[in-house]
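Working through the structure, step by step
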Amino acid sequence: MRSLGAVLGLLIVAGWAQGATLEVPGQYPSIQAAIDAAGSGDTVKIAAGSYKETLKLKGGVSLSGESRDTTVLQNFVDKGPLLNVLDCSDPVEITGIALEHINKETGEQRRWPDLLIISNSNAKIRLCTFRKSGGCGIVVTGSSECEISECLFEENAQSGIIVRGTDKRVKLANNTCRSNNNDGIHIWNSKVEAASNTCEKNSGSGICAMGDEADVNLTGNTCTGNGWGLWLDGSKASLDSNTCSLNTIYGIYASTGAEVRVTGNVCRENGDSGIVASSVGTRCEAVNNTCAKNKVCGISYIHGAQGAATDNVCEENGEVGFNVARWRSKATFQGNKALNNGGSGIRVRLNSTAELIGNECRDNKDCGILIVDEGSSAEEKDNTVENNAGGGVERREGLPLNRQYWVKQEEVGRLLGSEQFEALEQFAAELREHKPRPLDGPFELESFYEGIEDGYGTVTAKRREGYRPVLDRWAAAYPDSAAPLIAKAQAEISYAWEARGRGWASETTPEGRKDFKKYLQNAEQLLHEAEAKDGKDAYLYALLMEVARGLSYDLEKTEEVFKKGVALDPWHVPLYERMVWYLLPRWHGEPGDMEAFVQKVGEETREEMGGRMYSQLVAHAAIYCDLEDAELVFPWEKVDEGFRQLMEDYPECSYLLNCYCNVACLYKKQALAKELFERIGRNVREDAWNNEEEAFRTYKQWAYGTRAYPSSLELGEEVTPEDVEEFINKFRKGSPVVGAVIFLGVAALIALIVMTKGRA
């Protein structure tokens, strides 16, 4: 039997092992003073009150407030993070405290300081509030093992919680993230378990996991009223029993090569679709989910995504229950129920394929199963298709390949960023072959290369150090391909204009002019290399037309480039538009050359294209080239005829509709302009108004009869360097004396206008 003294000794040692309690403000005047005095295993106990401090916690020391409603740690944004937990290998625990920046709005102009940073540490955070941060609520980074539970994150300028680059498992449970200006929870290349969290009314996603090294388990979370509910981008994820409702876009969205298993989730009343798998390389297995009353689709595989959907219920969705669409998407639908959807129960469209086995499609407003558009196919077996308003299984003609929507620019950028070069090569080859221009969009080949230039993440043309090496690796992987060389050339052209600037020629520095020429010569060489490979690419010649303008090719050489492009695709409008620019007097044409070119193209293409090409070029000249008195050169009847043909071909094309309306305004066709403004509604395409919001607004007021027809100055048109150059060129060709007199007078007027605008 132990002696009483031995027992007391053990009790004393046990008490010491639990650590001491240091009280603020009772024993220490500040929280940091108590932390500095504490040792491993000690707890700093903070009484109710407001404390204006910034803290650095030591390993093994814990903070305990009276409650998050009464104990508040706060400071100004310019003081940076309020609490730092750095390199704490001994575990720390923080409970019962609220952290907030006093002036969050100021932080939006600064470096986004966060409230709590945990780096290379072992930490537990519980029953705390993080609000009104100039940045995020909590950032977990480095090699951190962390548990965050029962905390509130609200009204932070960025995300509520960010977990970034941790190689240890982070656990998030029973937290509430609401009204943050980005994501509720953002995970980047980390391992995270998130269970029973509520993420609501965040501007971005409820929960977002990104990066090839992200590995997440999301269970029983509720995401409602966000932009997206759950977004998995390039990550591995298991999603079980989550509820995603009333989000502006998607309930669950998997993209960019994500590998996702989605089981037992409920996605209701989202602004687009319930569950979406998107982009080449993305694989999604969806089992036993319920997707109801979403505005578009229940479950959808698009843009090359693949996977299987089994034993799901999709009912009362606005368009279709189950959807597979666009460029080599492929899905297996088995044992699902598609009930009472606004369109078809299952739809396969836009050059995609599906396997349909044992599904039940009932009471849908269109057919039970719809296979539509050229290139789409489906294998069907043992499906039950009953009581659908549009019939059972329908195969409809739909759209030919050259009218289908293929390219989503951000998806192309992601293919480049993830270095899926084979997919890019297949994409480029099919676009060259089929030459698609969809019902609502630009030429798909042009959009493809623009998507590459936009890139993804750090792989974008604007970040040359990351962009060029990726294009080099693409070119090395496919040495016989023109596509990476064309992409390189497009970037060099962008760099050329960046070097020169868009201002007055006299404002361009000698170095800028030198670099302008250098970059264009680089592009020229790359395009000729591409041409020598498999360069049957009309956009190659559209870019070479840009080089011709910048390097001052003579007309004969420029026409040779133009004709090569037209031979590949006589409908490729960007080629013709670039010729219009080349022929302007401000560049390399004589007065009347551009107008004569448009007239000639209209005549040469009329038999095959009607007035379509003619009207598009007139619109381009009128909208983008400051063409005045267009009707004196291009009769309205011919312009209107071509646009009516285009709108019949492309009834949903908002860009063409906006162009038609703009031209109707320029020609002062008030009744037609009003009709077209009504058709446009909210589908305004600013690029069809030369990105001049004032022009759109002012012309609309005129069309509705609430103001007089606007003058050029009322539309905010500026006197550009090109305008002056064109003016000078015109008078150089006339009488030297008369030209000089007129030139001086107009120059004075220009100066007056410029000064007046400068004072406005």
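Residues numbered from 1 in each chain as written. Predicted model: local features only at pLDDT ≥ 70, side-chain atom pairs only at ≥ 80, totals over all residues. Heavy atoms only, no water.

**Focus on the packing of helix 12 (residues 573-582) against helix 14 (residues 612-624)**
As a packed pair, helix 12 and helix 14 sit with axes 10 Å apart at the nearest point and diverge in direction by 45°. Accordingly, the angle class assigned to the pair helix 12 and helix 14 is oblique. Two packed elements cross with a definite hand, and for helix 12 against helix 14 that hand is right-handed. Across from Val573, Tyr576, Glu577, Val580 and Trp581 in helix 12, the residues of helix 14 making contact are Met613, Gln616, Leu617, His620, Ala621 and Tyr624. Counted by class, the contact of helix 12 with helix 14 contains eight nonpolar, two polar and one charged residues. (Axes fitted to C-alpha atoms, helices over the stretch in contact; angles between N-to-C directions. Helix = DSSP H or I, 4+ residues; strand = E, 2+ residues; numbered from the N terminus. Parallel < 35°, antiparallel > 145°, perpendicular 65-115°, else oblique. Left-handed = near helix turned anticlockwise from the far one by under 90°. Contact = heavy atoms within 4.5 Å. Nonpolar A, V, L, I, M, F, W, Y, C, P; charged D, E, K, R; others polar.)

**A short note on empty space enclosed by the protein**
Enumeration over the complete set of coordinates arrives at one cavity of 30 Å³ or more. Roughly 70 Å³ of volume is contained in the largest cavity. In terms of lining, the largest cavity is formed by Ser279, Val280, His303, Trp327, Trp406, Lys408, Glu411, Val412, Leu415 and Phe427. A per-element tally of the lining of the largest cavity places helix 4 (residues 409-417) first, with three residues. Here the residues of the lining of the largest cavity sort into six nonpolar, two polar and two charged. (1 Å grid on protein atoms, 1.4 Å probe; cavity = no way out; pocket = protein on both sides within 12 Å on 5 of 7 lines; lining within 4 Å. Points joined across faces, edges and corners; volume = space filled by probe spheres on them.)

**Thoughts on the confidence of the model for the protein chain**
Per-residue pLDDT for the protein chain has a mean of 87; in total, 88% of the residues score no lower than 70. Low pLDDT, under 50, characterises residues 1-17; the stretch is placed with two contacts to residues that sit more than four places away or in other chains. Counting contacts from residues 716-760, a segment whose pLDDT is below 50, to residues more than four positions away or on other chains yields 36 contacts. (pLDDT = per-residue confidence, 0-100.)

**Regarding the packing of helix 18 (residues 670-680) against helix 19 (residues 693-703)**
In a pair of packed helices, the angle between the axes and the distance between the axes together describe the arrangement. It is the contact of helix 18 with helix 19, at a shortest axis distance of 8 Å, that shows an interaxial angle of 120°. Here helix 18 is positioned oblique relative to helix 19, judged by the angle of their axes. Helix-helix and strand crossings are classified by hand; for helix 18 and helix 19 the assignment is left-handed. Residues Gln670, Ala673, Lys674 and Phe677 of helix 18 form the contact with helix 19, whose own contacting residues are Phe696, Tyr699, Lys700, Trp702 and Ala703. Classifying every residue of the contact of helix 18 with helix 19 by side-chain character gives six nonpolar, one polar and two charged.

**Thoughts on helix 18**
Burial in helix 18 covers these residues: Leu672, Ala673, Leu676, Phe677 and Ile680. All buried residues of helix 18 lie within an arc of 140° about the axis, which places them on one face of the element. The secondary structure elements touched by the buried residues of helix 18 are helix 16 (636-649), helix 17 (654-666) and helix 19. One or two steps after helix 18, the chain reaches glycine 681, where phi turns positive at roughly 55°. (Buried < 20%, exposed > 50% of the residue type's maximum accessible area, 1.4 Å probe, protein only. Arc of directions from axis to C-beta.)

**A closer look at the nonpolar core**
Grouped together as the largest cluster of nonpolar side chains are 110 residues, with contacts concentrated most on Leu416, Phe448, Ile452 and Phe597. The residues touching isoleucine 452, leaving out its near neighbours within four places in the chain, are Val412, Leu416, Tyr467, Leu471, Trp474 and Ala487. Of all hydrophobic cores here, the second largest spans 83 residues; its members include Leu115, Cys244, Phe333 and Val348. (Core = buried A, V, L, I, M, F, W, Y, C linked by side-chain atoms within 4.5 Å.)

**Side note on unusual backbone geometry**
Backbone torsion omega between valine 24 and proline 25 reads 10°, so that peptide bond is classified as cis. As for its placement among the helices and strands, proline 25 is situated in the loop between strand 1 (21-24) and helix 2 (31-37). Positive phi values are uncommon outside glycine, yet serine 179 reaches one of about 55°. Position of serine 179 relative to the elements: it lies in the loop between strand 18 (176-178) and strand 19 (185-188). Note on serine 179: relative accessible area 34%, which makes it partly exposed. Despite not being glycine, glutamate 269 shows a phi value in the positive range, around 55°.

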